[in-house]
Amino acid sequence: MTKRSHQVDHLDPLIREALSWITRLKSGEATLADAEQLMDWRGRSSAHENAFRDAVKCWRAIGQALASGRPAPASRRRRAPKSKARA
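## Overview of the overall build of the chain
Part 1 of the argument: In terms of regular secondary structure, the chain is built from four helices and zero strands.
Part 2 of the argument: Each helix (α) and strand (β) of the chain, taken in turn from the N terminus, gives the series α-α-α-α.
Part 3 of the argument: When contacts within the chain are restricted to residue pairs at least 6 apart in sequence, long-range pairs at least 24 apart make up 44% of them.
Part 4 of the argument: For the chain, the accessible area works out to roughly 7,600 Å², and carbon and sulfur atoms hold 54% of it.

Listed below in structure tokens is the structure:
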């Protein structure tokens, strides 16, 4: 098991489901039935709705980080201090 898959296994089950829904919808293969099932899933409870909203925020943050070429704020890496060029 990779470190990344191990981290995903520790996500809240509802967040994992919500991310699966987003992945399905963004796949280009989603159907009207999928959209209807998602609406049903979101309507099951406020926890389902909140998980979906959190997953959407995560998806957007990933997209913005990829578009900008920078890591998302939650995954900031420490950078080595820049060395000053001598004249």
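Now that the structure has been shown, we can carry on.
## A short note on the side chain of Asp34
Part 1 of the argument: Mapping Asp34 onto the fold places it in helix α3 (residues 32-43).
Part 2 of the argument: If near-sequence neighbours (up to four positions away) are discounted, Asp34 is found in contact with Trp21, Arg24 and Glu29.

## What about the nonpolar core?
Part 1 of the argument: The biggest cluster of nonpolar side chains holds 11 residues, and these are Leu14, Ile15, Ala18, Trp21, Ile22, Leu38, Trp41, Ala51, Phe52, Ala55 and Val56.
Part 2 of the argument: Listing elements by their share of this core, those giving two or more residues are α2 (13-26), α3 and α4 (46-68).
Part 3 of the argument: Sorting elements by how many residues they give to this core places α2 first, with five residues.
Part 4 of the argument: If we ignore the near neighbours within four places in the chain, the residues touching Leu38 are Trp21, Leu25 and Phe52.

## Concerning the packing of α2 against α4
Part 1 of the argument: One can describe the packing of α2 onto α4 by two numbers: an axis separation of 8 Å at closest approach and a directional angle of 55°. It follows from the interaxial angle that α2 and α4 lie oblique. In this structure, the crossing between α2 and α4 has a hand that is right-handed. In contact with Leu14, Ile15, Ala18, Leu19, Trp21, Ile22, Thr23 and Lys26 of α2, α4 contributes Ala47, His48, Ala51, Phe52, Asp54, Ala55, Val56 and Trp59.
Part 2 of the argument: Each residue belonging to the contact of α2 with α4 can be placed in one class, and the counts come to 12 nonpolar, two polar and two charged.

## Brief notes about α3
Part 1 of the argument: Compared with the 16 Å implied by 1.5 Å per residue over 12 residues, the 17 Å span of α3 between its first and last C-alpha is a close match.
Part 2 of the argument: Within the span of α3, buried status applies to Asp34, Leu38 and Trp41. Along α3, the residues classed as buried sweep out an arc of 60° about the axis, all on the same side. Seen from the open side of α3, the exposed residues pointing more than 90 degrees away from its buried face are Leu32, Met39, Asp40 and Gly43.
Part 3 of the argument: Elements that come into contact with the buried residues of α3 comprise α2 and α4.

Conventions we followed
For every chain, the first residue of its written sequence is number 1, and the numbers climb from 1 along that sequence. For a predicted model such as this one, the threshold for reporting local features is a pLDDT of at least 70, and the threshold for listing and counting side-chain atom pairs is 80 or more; totals across whole chains, interfaces and linings nevertheless cover every residue. Each side-chain value is derived from all of the structure's non-hydrogen atoms; neither hydrogens nor water enter the calculation. Numbering of helices and strands runs from the N terminus, with a helix taken as a DSSP run of H or I at least four residues long and a strand as a DSSP run of E at least two residues long. It only takes one pair of heavy atoms within 4.5 Å for two residues to be counted as in contact. Per-residue and other accessible areas were derived by the Shrake-Rupley procedure at a 1.4 Å probe size, with only the shown protein chains allowed to occlude residues. Among buried residues, those of type Ala, Val, Leu, Ile, Met, Phe, Trp, Tyr and Cys that are joined through side-chain atoms within 4.5 Å constitute a nonpolar core. The buried label goes to any residue with under 20% of its type's maximum accessible area, the exposed label to any with over 50%, and the partly exposed label to all in between, with areas taken from a 1.4 Å probe on protein chains only. Note on geometry: axes are C-alpha line fits, over the in-contact stretch for helices, and angles between N-to-C directions span 0 to 180 degrees. Each angle receives one of four descriptions, namely roughly parallel if under 35 degrees, roughly antiparallel if over 145, roughly perpendicular if within 65 to 115, and oblique otherwise. Each helix crossing is assigned a hand: it is left-handed if the near helix lies turned anticlockwise from the far helix by less than a right angle, otherwise right-handed if that turn is clockwise. In this count, Pro and Cys sit with the nonpolar residues alongside Ala, Val, Leu, Ile, Met, Phe, Trp and Tyr, while Asp, Glu, Lys and Arg are called charged and the others, Gly among them, polar. Multiplying 1.5 Å by the residue count of a helix minus one yields the expected span of that helix. The arc in question is the one spanned by the directions pointing from the helix axis to the C-beta atoms.

All quantities given are derived from atomic positions and should not be read as evidence of function.
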